[in-house]
Structures are given as C-alpha cells and as structure tokens.
Amino acid sequence: MNTPSAGTFDDTDIGGTAPSAAPIATVAPAAPAAPPADDLGFGRVVAQRSRGRLFNRDGTSTSTKYGLRAQRTERLYLTALQAPWAVFVLWMLGAVLLLNGIFALAYAALPSGSLMGGDGLGITDPFLRAFVFSTGIFTTTGSGPIHAVGITANWLVVIESLAGPLTLVLVGGLLLARLIRPRAQLRFSESAVVAPYNGARGLMFRCVNELPSQLTDLRANVSLSLYEVVNGKRERNFHQLTLERSQVALFPLHWTVVHPITDDSPLLGFTPQLLREAEAELLILITAHEETFSTHVSVRASYYWDDITWDAKFADIFAQSTGESIAIDVERLDRLDRLPEGTTSVPSSLELTKRD
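Computed from a predicted model, the values in this text were never measured in an experiment. (Residues numbered from 1 in each chain as written. Predicted model: local features only at pLDDT ≥ 70, side-chain atom pairs only at ≥ 80, totals over all residues. Heavy atoms only, no water.)

## Digging into the overall build of the chain
Move 1: Assigned secondary structure in the chain consists of seven helices and 16 strands.
Move 2: Relative to its full complement of 356 residues, the chain shows a buried share of 35%.
Move 3: In the chain, the share of contacts with a sequence separation of at least 24, taken over all contacts with a separation of at least 6, comes to 70%. (Helix = DSSP H or I, 4+ residues; strand = E, 2+ residues; numbered from the N terminus. Buried < 20%, exposed > 50% of the residue type's maximum accessible area, 1.4 Å probe, protein only. Contact = heavy atoms within 4.5 Å.)

## Re the layout of surface pockets
Move 1: Looking at the largest pocket, its volume works out to about 1,600 Å³.
Move 2: As for the largest pocket, its lining consists of 44 residues, and the residues nearest its centre are Asp58, Thr60, Gln82, Arg181 and Arg300.
Move 3: In terms of residue count, the dominant contributor to the lining of the largest pocket is strand β11 (residues 295-304) (seven residues).
Move 4: A class-by-class count of the residues in the lining of the largest pocket yields 18 nonpolar, 13 polar and 13 charged. (1 Å grid on protein atoms, 1.4 Å probe; cavity = no way out; pocket = protein on both sides within 12 Å on 5 of 7 lines; lining within 4 Å. Points joined across faces, edges and corners; volume = space filled by probe spheres on them. Nonpolar A, V, L, I, M, F, W, Y, C, P; charged D, E, K, R; others polar.)

## A look at the side chain of Thr344
Move 1: Tracing the backbone shows Thr344 in the loop between β16 (336-338) and α7 (349-355).
Move 2: On the basis of relative accessible area, Thr344 is assigned to the buried category, the value being 1%.
Move 3: A distance of 2.6 Å separates a polar side-chain atom of Thr344 from the backbone nitrogen of Asp311.
Move 4: For Thr344, the residues in contact, after removing those within four places along its chain, are Val194, Ala195, Pro196, Arg201, Trp310, Asp311 and Ala312. (Polar contact = N/O pair within 3.5 Å; in protein donor to acceptor, adjacent residues only side chain to side chain.)

## With respect to the packing of aromatic side chains
Move 1: As enumerated under the stated definition, the model contains six aromatic pairs in all.
Move 2: Note on Tyr107 and Phe133: the rings are 5.1 Å apart at their centroids and 85° apart in plane angle, and the pair reads as edge-to-face. One end of the pair, Tyr107, is in helix α3 (residues 85-108); the other, Phe133, is in helix α4 (residues 126-138), and 26 residues separate them in sequence. Taken individually, Tyr107 and Phe133 each receive the classification buried, so the pair is uniform in this respect.
Move 3: A network of ring pairs unites the aromatic residues Phe188, Phe205 and Tyr303 as a single cluster.
Move 4: Here the guanidinium or amino end of Arg178 rests over the ring plane of Trp85, the centre of that ring lying 4.2 Å away.
Move 5: Note that Arg178 overlies the ring of Phe88, its terminal NZ or CZ placed 4.6 Å from the centroid. (Phe/Tyr/Trp six-rings, centres within 6.5 Å; stacked < 30°, edge-to-face > 60°. Lys NZ or Arg CZ within 6 Å of the ring centre and 35° of its normal.)

## As for the environment of Leu282
Move 1: Assignment of secondary structure puts Leu282 in strand β10 (residues 281-290).
Move 2: Residue classification places Leu282 among the buried residues on the basis of a relative accessible area of 1%.
Move 3: In this structure the C-alpha to C-alpha distance between Leu282 and Tyr303, which are 21 residues apart in sequence, comes to 4.9 Å.

## Let's talk about the environment of Arg338
Move 1: Assignment of secondary structure puts Arg338 in strand β16.
Move 2: Judged by relative accessible area, Arg338 falls into the exposed class, the value being 62%.
Move 3: C-alpha of Arg338 to C-alpha of Thr309: the two residues are 29 residues apart in sequence and 9.8 Å apart in space.
Move 4: When sequence neighbours within four positions are dropped, the list of residues in contact with Arg338 reads Thr309, Trp310, Asp311 and Ala312.

## Describing the pattern of salt bridges
Move 1: Scanning the model with the defined rule gives five salt bridges in all.
Move 2: For Glu351, the salt bridge goes to Arg201, with nearest N and O atoms at 2.5 Å. Pair noted here: Glu351 is in helix α7 and Arg201 is in strand β5 (residues 200-209), with a separation of 150 residues, a long-range link. Take Glu351 and Arg201: they sit in the same class, and that class is buried. (Salt bridge = Lys/Arg side-chain N within 4 Å of Asp/Glu carboxyl O.)

## Comments concerning the confidence of the model for the chain
Move 1: Overall, the prediction assigns the chain a mean pLDDT of 83, with 85% of residues at 70 or greater.
Move 2: With pLDDT under 50 throughout, residues 1-37 is counted as low confidence; its partners more than four residues away or in other chains account for 15 contacts. (pLDDT = per-residue confidence, 0-100.)

## Thoughts on unusual backbone geometry
Move 1: Although it is not a glycine, Ser294 sits at a positive phi angle of roughly 50°.
Move 2: Structurally, Ser294 is set in the loop between β10 and β11.
Move 3: With a phi angle near 55°, Asp311 is a residue other than glycine that sits in the positive phi range.
Move 4: Accessibility expressed as a relative area gives 11% for Asp311, which makes it buried.

## Brief notes about a nonpolar patch on the surface
Move 1: A grouping of Trp85, Val89, Leu93, Leu175, Leu176, Leu179, Ile180 and Phe293 is seen on the molecular surface, where their side chains present a nonpolar patch of about 730 Å² in accessible area.
Move 2: At the level of secondary structure, the elements contributing two or more residues to the nonpolar patch comprise α3 and α5 (151-180).
Move 3: At four residues, α5 tops the list of elements feeding residues into the nonpolar patch.
Move 4: Tracing the chain through its elements places Leu93 in helix α3. (Patch = residues over 30% accessible without salt bridge, like charges linked within 9 Å, V, L, I, M, F, W, Y side chains within 5 Å. Areas by Shrake-Rupley, 256 points an atom, 1.4 Å probe, with all protein chains shown as cover.)

## Side note on the side chain of Asn100
Move 1: Looking at where Asn100 falls in the secondary structure, it is placed in helix α3.
Move 2: In contact with Asn100, other than residues within four places in its own chain, are Phe131, Ser134, Thr135, Phe138 and Glu160.

## Considerations on α4
Move 1: For α4, with 13 residues, the first-to-last C-alpha span of 18 Å sits near the 18 Å given by 1.5 Å per residue.
Move 2: Here α4 has its buried residues at Ala130, Phe133, Ser134, Gly136, Ile137 and Phe138.
Move 3: For α4, the secondary structure elements touched by its buried residues are α3, β1 (115-116), β2 (147-148) and α5.
Move 4: The backbone nitrogen of Phe127 lies 3.3 Å from a side-chain oxygen of the residue at the head of α4, namely Asp125.
Move 5: Count one or two residues on from α4 and you reach Thr140, which has phi positive near 60°. (Expected span 1.5 Å × (residues − 1).)

Laid out in structure tokens, this is it:
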C-alpha cells in the first residue's frame, strides 16, 4: 500500500524580491517530513544493506551490534528468564551442585584431620564426607557433627558461608523474576497461506494463546518486506498490510489474521515465483493487554517467502465439546486442506490487469 508523503515547503513559491527599503521577511524553515506510516524503524540504509530475512521465525532479530562490551551477565540473566522451566531448574541445581563440589574438593585437598567428627555418619569416602559438610555450610542448614579444624579449613568455611547464601539469594531472585514477569505466549501456525477469500485471494495466518491467562484488546500490525525495482534500481521496501480485522477485544480461542489481496494490496497479481524473487518477508507484531498482571505485552513473528503456502486453506480447527460450549483443537492449528493446483498460485486475469 502506498502511503502519501507529507507536504513540504518550497521557497520558490515566494514572490519576487522585496524592495530594498522594505524589511526582508524571514521565513521559518519547513518542518521535517513525518516518517511514513509503514516505517518499521530499520531506516533506508539498514533496509538496503541487509540481506536475507530481518527476523527469525520466533520474532528475534537477525541483526548484530558490535562495539559493545561482552554483556555476559545481562545475556545470562535474559537467558535464565526465557529458558523453559525444566531447563531453568536443571541449570540452577547444576550450578549449586557444582559450587558445592568445588568447595568439597578444596576441603578434601586439605591435610588429614581438617574435617573432624564425621565418624558416626558412616561415611568413609573423604570427598563424600567433604561434600556433605560443604552442603550444610552452603545452605546454612548446619554441618551436623562434622566441624573444621585448622586455619585454612576455617577460612574456607567463612568463604563458603558467605558465598552460599549469596548464591541462593540470586537463584531465588531469578525464580521470583520468572514468576512475576508478564508475558504472552502465542503459538503461530507453521506457515501462512494464500487461500481463496471473498471471491478473490487472501494472505492469512493463525495464532492461539498457549497460556491459561486471558489476553484482551489484541492489535495486529503486519508489514510486508519486498525487493522492488524502482527507477531501474532494486531496493527493499516495506508495506503495511491492510487487515480484514486488525484488532479483537477478546481472545478466548484462536485468531485468523487475514490480509485481503485487493486492488491496493502490494501482493496484487503475485505468484509464488514473484514472491521468491522479491524475497518477501511477513513481519508481525501483536500487542495485547495481559489481565493477570494488568499490563501490555507484545509478541513478534516472521514468515519468509518459503514459509508461505499456496493452493491451500486452513483446515477446520473446531472440535466437539461437552455441553453447549465451543472448543478448538490446538493440534489442528497447522493443518491445511490442499486445493487444486493453480487455485491461488495463479492470479485471475482481472487481477493481472489491475496490477499492470
């Protein structure tokens, strides 16, 4: 869709030169033109120099920033927040056990007699006895009958008694941050499709909320990145797509986002070959109100040209349920019904005429 550019001031519109006796009027410089409505923030230089897709399927950016410090702590923190729960728990347990193992090796390396009082525990292995002692000091639960003897052993106890609670506080902080972090987890269909729509064609994809939390006031912003030949030069341009429905108030089941391919659509007259040559990419941003934490959340996604299926339509996602309620089967989100070849991959003659 072409967005009209903002008007600009041209000083050639001013009349002839004023007489020398009269004061010269000062004309304020024109305000800079407003950015186009379909500006995604990449800028012209980035859009033209970048190659391939701009976002991964999950919405993460493919770009890289150099010149910053390593930011290992920040990246580790973000990874801990975004990791699945099973991975997070395993990593935290592994980190705690690893630290206890390091202190246990230090205790076991001390001269004989540095750890006393463990004879009644029935533990004869020196490392295992040191590990049990280290765990008690690290977690502040107490080491039982085992106690340290000597300056070096007691210095290790002091160090571990400080490192242990600090580590547990950090782990607890990460756990709390994961629990109170507002988030939306939308699952998008494996592919977008160009399917029959209202006697013509439409580009569409489906999404569903995978979390039990409720999302309201959803808004979808879908843009299309295309390489086009302008004045004999091939350049990447962005088009904001007009949607059949760009927002929904409630989101109890699923949402099929549809872009009708009408006369003003940038996809008018397109075929799979043209889409591939244009290296098309569908850029999706969905924002919503998350009711659990009463805050706004956003989700990004991307479909590259080879993620778009032609001559197909989405299969029925609704399922039978008990009573009079409506239900969907999320496992059917990606299912497609194949159509005869050429149903949507070949545009109608009327569509080609309008495109030309």
